[in-house]
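# Coordinates in review
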Amino acid sequence: MLVWFNLMTLFDFFVHAQSSDSTVLSIKKTDDFAITGDGTANNWNREKWLTLSQRGGTGPSYQTKLKLLYSDSGIYCLYQCEDRKISATLTEDFANLYNEDVVEAFFWTDETVPMYFEYELSPLNYELPILVPNIKGNFLGWRPWHYEGTRKTKHATHITKNGNDVISWTAEFFIPFLLLKPMTKVPPRKGTHWRANFYRIDYDQKVSQWSWQSTRTNFHDYERFGTLLFE
């Protein structure tokens, strides 16, 4: 009886240690749903927010939160960004969106291959989806080919105001697994692990940055990415 109690205690400790690991994030599975930009779909209701940490900059300490879900067909992301000023003027996809207010998601599906998918979305709902080969720190993004139909992302944003004053902005997007071909471990199944990181950049006062996992040099420091566990 004592041995059984000790084993159960050890098991409970191990599970708790896993669940409290700040470098591992579990993603629940969902049915597909519509992207609206404000995160009001019922699918999000039971999912907890992940708060991103402010890593640098002189701007306000805005709160930045993230939710993730996945389905048989793709992965869903929802960002909520406290803000008082929308610094965004670019009005085309594939522009240098990182030079203005933006959220970013990086997905590294296979650690044996130094290549990952980067997605950026601005408050004005313009996107930058690119595949990034990163060879010993030498990286450059490649635009998707035949980017249409079931290979195309879905995205929307919403700016919340109190009268004329900006309070926050929300970004919601869906990345189809078909777009990630031929990356390996795609689509993920229950128990699949990916590496990933999530970011926000704000330009209220010069540049401020938020991220899930801290990086040493820049956002492309993929060896410092966290781990996604698909439930």
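In this report, we go over the structure that sits alongside the text. (Residues numbered from 1 in each chain as written. Predicted model: local features only at pLDDT ≥ 70, side-chain atom pairs only at ≥ 80, totals over all residues. Heavy atoms only, no water.)

One pass over the structure, following the stated rule, counts nine salt bridges. Note that Arg-195 and Glu-111 form a salt bridge whose closest N and O atoms lie 3.0 Å from each other. Here Arg-195, found in strand E12 (residues 193–202), pairs with Glu-111, found in the loop between strand E6 (102–108) and strand E7 (115–121); they are 84 residues apart in sequence, far enough to count as distant. With a closest N to O distance of 3.4 Å, Glu-223 and Arg-216 form a salt bridge. Take Glu-223: its relative accessible area is 54%, and that puts it in the exposed class. Ionic contacts of the salt-bridge type, sharing partners, join the residues Asp-83, Arg-200 and Asp-202 into one network. (Salt bridge = Lys/Arg side-chain N within 4 Å of Asp/Glu carboxyl O. Helix = DSSP H or I, 4+ residues; strand = E, 2+ residues; numbered from the N terminus. Buried < 20%, exposed > 50% of the residue type's maximum accessible area, 1.4 Å probe, protein only.)

What follows deals with unusual backbone geometry. Following Lys-181, the chain continues into Pro-182 via a peptide bond in cis, with omega recorded as 5 degrees. Of note, Pro-182 is situated in the loop between strand E11 (165–176) and E12. Of note, the amide linkage connecting Val-186 to Pro-187 takes the cis form, showing an omega dihedral of 0 degrees. Residue position: Pro-187 is located in the loop between E11 and E12. Phi at His-146 takes a positive value of approximately 50 degrees, unusual for a residue other than glycine. As for its placement among the helices and strands, His-146 is situated in the loop between strand E9 (138–139) and strand E10 (154–162).

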